[in-house]
Amino acid sequence: MAAGRTVSLWFVAEVDKMRLPPWAVAQSILVGMNGAAVVRDAMELMVAGPDASVLRLGLLLPLSGPLGLTGPSGLAAARLAAGEATSAGRPVELVLVDAGRRPREVARDARSLAEAGLVQAFVGYHTSDVHRAVEAAIARRSAYFFTPPQEGGTREQGVVLLGGSPADQLAPALRWLAEHRRPRRWALVGSDYIWPRSVHRVAAPLIRSIGAEVVLDRLLPFEPVVGTGAEEAVDALLRVRADAVLLSLVGRDLVRFNRLFASSGLGSRVLRLSGSLETNGLLAIGGDETGELYSAMRSFAGQDSERRIALAERHRAEFGDHGPALDVYAEGLYDGVHLAAALAAYGALAPERVTAAAGRLLAGAPDARRAWAAAPLGPPRAGGYLARADGLDLTVVSRY
């Protein structure tokens, strides 16, 4: 087993036992990094004040809560992007905010940073209830780059979305599964908050369009964790004789459900599709050898992509074989930091300009090429992949 995977397995085990507090996670990633420090403490900046010579980005990263197990990966990738941009020109600093807390707490801290002028923009991934609270708190004050899969719908001024909507993610994956696996009786199981509700609304007509039916639609309590609701959902899957289940659980809750699912004996009989399963989550589950667990995301380590390979090499050069896993959430954050730096170089980081300008940069507009000079890998590609769990790895089976 690779050293980096050993470290990730240790970390998810400690998180599962609730032995690692959020700032201990941050400290474990920051200690021993090469190059100049690019992560700043918010309280220190409240005293020091703004610095126009530095591009400061509020890093809204879950170091606790359902997505806390992905925190080290995200922090490392953001640190890598900020260091690359700094080496190429204007200094970039990250102001870390734990986005795994309750939405109002995260939104309060983000608003304080924006109102004090301590950051020029925010970049992050977190659950959609946190996303909506932050969006309302900093609306028209600061640009906000939200990098994971998202629920769709309208946005406040200044919000840039890098992740796909439920339809973007699911439609190609469902078509592939209909053609190659032919499941007919689908169940929908998710957490009861914004993103899973949107997934369920979109998924039901998509499933009917491929000639299948939805036999169960269940949302589990989101706070504080998935508990007895997960057991009841597994029992319901047995009763309705589902042969496939779409999981819109995230992070810790997705891990716990899959462990319970495997122990029920359904693991080898019922196909599972997730729109949020990544490397850290698969490691926390303990891997899967059934051939029945799939994930639809924007990238995976096993994809045949020169850009992804080049990013993995840069990540390994910075953090060594013992660094956190370079999962899909981390890659999205890496791209978000570079996009924010490119838009600052383009002179279009103001909330009223950033959304349209981001579209030009991501599309590779000729007049925007110079803005990407500090990003060694250039803009990310659109689309995504469908992967199947193969032990402790996710193996790509389709690109779209």
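This structure is a prediction, so every number in the text was calculated from the model and none was measured. (Residues numbered from 1 in each chain as written. Predicted model: local features only at pLDDT ≥ 70, side-chain atom pairs only at ≥ 80, totals over all residues. Heavy atoms only, no water.)

1. Here we look at the packing of aromatic side chains
Put simply, the rule reads: The rule is short: rings of Phe, Tyr and Trp, with Trp giving its six-membered ring, pair when the centres are within 6.5 Å, and they are stacked under 30 degrees, edge-to-face over 60, tilted in between. For each residue, the accessible area found with a 1.4 Å probe, counting protein chains only, is set against the maximum for its type, and the residue is called buried under 20%, exposed over 50%, and partly exposed in between. Counting from the N terminus, the helices are the DSSP runs of H or I reaching at least four residues and the strands are the DSSP runs of E reaching at least two.
Tallying each qualifying case throughout the model produces 4 aromatic pairs. Plain terms: the ring middles of Tyr 144 and Phe 146 are 6.3 Å apart, the flat faces sit at 55° to each other, and that makes the pair tilted. Grouping residues by exposure puts Tyr 144 and Phe 146 together as buried. With centroids separated by 6.1 Å and ring planes inclined at 55°, the aromatic side chains of Trp 176 and Tyr 294 adopt a geometry described as tilted. Of this pair, Trp 176 sits in helix H7 (residues 166-180) while Tyr 294 sits in strand S11 (residues 293-297), and the two are 118 residues apart along the sequence. Of the two residues, Trp 176 and Tyr 294, neither departs from the other in class, the shared state being buried.

2. Considerations on the nonpolar core
Put simply, the rule is: Note on terminology: a nonpolar core comprises buried Ala, Val, Leu, Ile, Met, Phe, Trp, Tyr and Cys residues joined through side-chain atoms within 4.5 Å. Residue contacts are defined here by distance: any two heavy atoms, one from each residue, within 4.5 Å place the two residues in contact.
Formed by 110 residues in total, the largest nonpolar core has its most connected members in Phe 145, Trp 186, Phe 257, Leu 273 and Leu 343. In this view, Leu 273 contacts Leu 170, Ala 173, Leu 174, Leu 177, Trp 186, Val 245, Leu 246, Leu 247, Tyr 294, Ser 295, Ala 296 and Leu 386; residues no more than four positions away in its chain are not counted. Listed in part, the 20 residues of the second largest apolar core include Leu 60, Val 97, Ala 114 and Val 134.

3. Looking at the pattern of salt bridges
Side-chain pairs of opposite charge can arise where the charged atoms are in close proximity. The test is simple: By definition here, a salt bridge exists when the distance from a side-chain nitrogen of Lys or Arg to a carboxyl oxygen of Asp or Glu is within 4 Å.
According to the stated counting rule, one finds 23 salt bridges in the structure shown. The partner of Glu 213 in a salt bridge is Arg 185, with the nearest N and O atoms 3.3 Å apart. Remark: Arg 185 occurs in strand S7 (residues 185-191) and Glu 213 occurs in strand S8 (residues 213-220); sequence separation between them is 28 residues. Among the residues examined, Glu 213 registers a relative accessible area of 40% and is labelled partly exposed. For Arg 185, a relative accessible area of 24% corresponds to the partly exposed category. Connected through shared salt-bridge partners, Arg 298, Arg 307, Arg 308, Glu 331 and Asp 335 make up one network.

4. Things to note about the confidence of the model for the chain
One rule of thumb: low pLDDT means the predicted coordinates there are not for detailed reading. Selection rule: A residue's pLDDT is simply how confident the predictor is in it, with values from 0 to 100.
Confidence along the chain averages 88 in pLDDT terms, with 89% of residues attaining 70 or more. Predicted confidence is poor over residues 1-20, with pLDDT under 50, and the contacts of this stretch with residues over four places away or in other chains come to 34 contacts. Every residue in residues 31-35 scores below 50 in pLDDT, and together they form 7 contacts with partners more than four places removed in sequence or on other chains.

5. Concerning the packing of helix H4 (residues 71-88) against helix H12 (residues 306-319)
How we decide: Only the stretch in contact is used when fitting a helix axis, every axis being a line fitted to C-alpha atoms; angles between N-to-C directions are given from 0 to 180 degrees. For classification, angles of less than 35 degrees are called roughly parallel, those exceeding 145 degrees roughly antiparallel, those between 65 and 115 degrees roughly perpendicular, and all remaining angles oblique.
Two elements in contact, H4 and H12, have axes whose closest approach is 11 Å; the angle formed by their N-to-C orientations is 95°. Considering their axes alone, H4 and H12 lie roughly perpendicular with respect to each other. Residues Ala 76, Arg 79, Leu 80 and Glu 84 of H4 touch H12, and the partners they reach there are Leu 311, Arg 314, His 315, Glu 318 and Phe 319.

6. Comments concerning the sheet that holds strand S3 (residues 92-98)
Quick reminder of the rule: One bridge is not enough; two strands pair if DSSP finds at least two bridges between them.
An order of S1-S3-S2-S4-S5-S6 is seen for the 6 strands of this open sheet, with the pairing classed as parallel. Strands with a single pairing partner mark the edges of an open sheet, and in this sheet they are strand S1 (39-40) and strand S6 (159-161). Sheet topology places strand S2 (residues 55-61) next to strand S4 (residues 121-124); 4 bridges connect them, and they run parallel. Bridged to Leu 59 within S4 is Val 123. Together, S2, S3 and S4 form the strand contacts of helix H5 (residues 103-115), whose direction differs from that of S3 by roughly 150°. Sitting on the sheet, helix H14 (residues 351-362) is in contact with strand S5 (143-146) and S6, with an inclination near 20° to S6.

7. Some remarks on the side chain of His 200
Mapping His 200 onto the fold places it in helix H8 (residues 194-209). Setting aside its immediate chain neighbours within four residues, His 200 contacts Leu 188, Val 189, Gly 190, Asp 217, Arg 218, Leu 219 and Ser 248.

8. Structural notes on helix H13 (residues 328-346)
Put simply, the rule reads: Each residue after the first adds 1.5 Å to the expected span of a helix. The definition of a polar contact used here is a pair of N or O atoms within 3.5 Å, where within protein one atom must be able to donate a hydrogen and the other to accept one, and adjacent residues in sequence count solely through side-chain atom pairs.
The end-to-end C-alpha distance of H13, which contains 19 residues, comes to 27 Å, matching closely the 27 Å that a straight helix rising 1.5 Å per residue would cover. Of all 19 residues in H13, 17 are buried; the element is thus mostly enclosed. The distance from a side-chain oxygen at the start of H13 to the backbone nitrogen of Tyr 329 is 3.2 Å, and the residue carrying that oxygen is Asp 327. Backbone geometry just downstream of H13 places Gly 347 in the positive-phi region, at approximately 75°.

9. A word on helix H6 (residues 128-138)
Burial analysis of H6 places 8 of its 11 residues in the buried class, which makes it a mostly covered element. Listing the buried residues of H6 in full gives Ser 128, Asp 129, Val 130, His 131, Val 134, Glu 135, Ala 137 and Ile 138. Where H6 is buried, its residues meet S2, H5, S4, S5, S6 and H8. Where H6 ends, the next residue or the one after it, Arg 140, has phi of about 70°, a positive value.

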